[in-house]
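Single-letter residue listing:
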Amino acid sequence: MPLWVYNARISRKNARRRGFSLVELIMVTAIILIIATFALPNFLRARYTANETSAVSSLRILYGAQTQYASSYNSFSADVNSLGPPPVGTLPSATAADLVDSVLSGQIGGQPLKFQKSGYQFIYTPAGSFPSVQQYTFQANPLVRGNTGQRSFFMDQTGIVRYNDAGPATVNDNPIS
């Protein structure tokens with residue numbers, strides 16, 4: 001058989017082959033799945049870390065707001081709503097001091113002593129009522145432990161943030177270093 005005939009047959013055979021074979025597609029899918037199984041734990045760890053960092057940062061912001069509030073009104077706030085923005089057109093006061101945004105003040109959720117942010121639920125517990133609140137605590141717990149965060153956090157009027165890996169944090173847990 002002359003060489004030009006052989007080359008023509010190979011050319012026609014290659015011309016009929018279009019796209020990828022099923023085996024090639026399965027191999028590519030398997031490789032992508034293998035890569036994804038290595039990347040997923042790192043993604044979850046990054047999300048835990050971001051949510052925990054947000055929770056600790058929110059607690060520190062709330063500590064600063066409570067300190068400013070106590071400086072202005074000689075008492076800590078009776079609820080987190082008191083730290084938030086006042087209604088439009090009114091000046092800040094003891095009931096709306098404009099020290100934190102509407103998320104941290106719980107105004108978005110409509111609950112005066114708790115709110116949710118970045119996978120955590122924050123609970124504020126004042127000791128007493130305004131104008132004689134001299135102590136308070138904040139707890140920040142993951143909404144779903146192991147999914148939105150791993151650690152719980154605690155802070156009181158001292159401003160020391162404490163954590164617990166297994167359950168709700170208390171004043172007896174280790175401080176964050």
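Residues numbered from 1 in each chain as written. Predicted model: local features only at pLDDT ≥ 70, side-chain atom pairs only at ≥ 80, totals over all residues. Heavy atoms only, no water.

## Some words on the pattern of salt bridges
Item 1. Tallied over the entire structure, the rule returns one salt bridge.
Item 2. Arginine 151 serves as the salt-bridge partner of glutamate 52, at 3.2 Å between the closest nitrogen and oxygen. You can see glutamate 52 sitting in helix 2 (residues 22-73) and its partner arginine 151 sitting in the loop between strand 3 (135-142) and strand 4 (152-156), a full 99 residues away along the chain.
Item 3. Looking at glutamate 52, the relative accessible area reads 11%, which means it is buried. (Salt bridge = Lys/Arg side-chain N within 4 Å of Asp/Glu carboxyl O. Helix = DSSP H or I, 4+ residues; strand = E, 2+ residues; numbered from the N terminus. Buried < 20%, exposed > 50% of the residue type's maximum accessible area, 1.4 Å probe, protein only.)

## Some thoughts on the pairing of strand 3
Item 1. Of the strand pairs in this sheet, strand 2 (residues 120-127) and strand 3 are connected by eight bridges, and their pairing is antiparallel. By the bridge assignment, tyrosine 120 is partnered in strand 3 with proline 142.
Item 2. Bridge count for strand 3 against strand 4 is four bridges, and the pairing is antiparallel. Bridging from a neighbouring strand, alanine 140 pairs with phenylalanine 153 of strand 4. (Pairing = 2+ DSSP bridges.)

## Points about the side chain of serine 58
Item 1. Of note, serine 58 is situated in helix 2.
Item 2. A polar contact is formed between the side chain of serine 58 and the side chain of lysine 117, at a distance of 3.0 Å.
Item 3. In contact with serine 58, not counting residues within four places along its chain, are Leu104, Lys117 and Phe122. (Polar contact = N/O pair within 3.5 Å; in protein donor to acceptor, adjacent residues only side chain to side chain. Contact = heavy atoms within 4.5 Å.)

## Describing unusual backbone geometry
Item 1. The omega torsion of the bond from phenylalanine 130 to proline 131 falls at 15°, within 30 degrees of zero and hence cis.
Item 2. Position of proline 131 among the secondary structure elements: in the loop between strand 2 and strand 3.
Item 3. For aspartate 98, which is not a glycine, the phi torsion comes out positive at approximately 60°.
Item 4. Its place among the elements puts aspartate 98 in the loop between helix 2 and strand 1 (114-117).
Item 5. Look at aspartate 98 and you get partly exposed, because its relative accessible area is 42%.
Item 6. With a phi angle near 50°, serine 118 is a residue other than glycine that sits in the positive phi range.
Item 7. Tracing the backbone through its elements, the reader meets serine 118 in the loop between strand 1 and strand 2.
Item 8. Residue class for serine 118 comes out partly exposed when judged on its relative accessible area of 32%.

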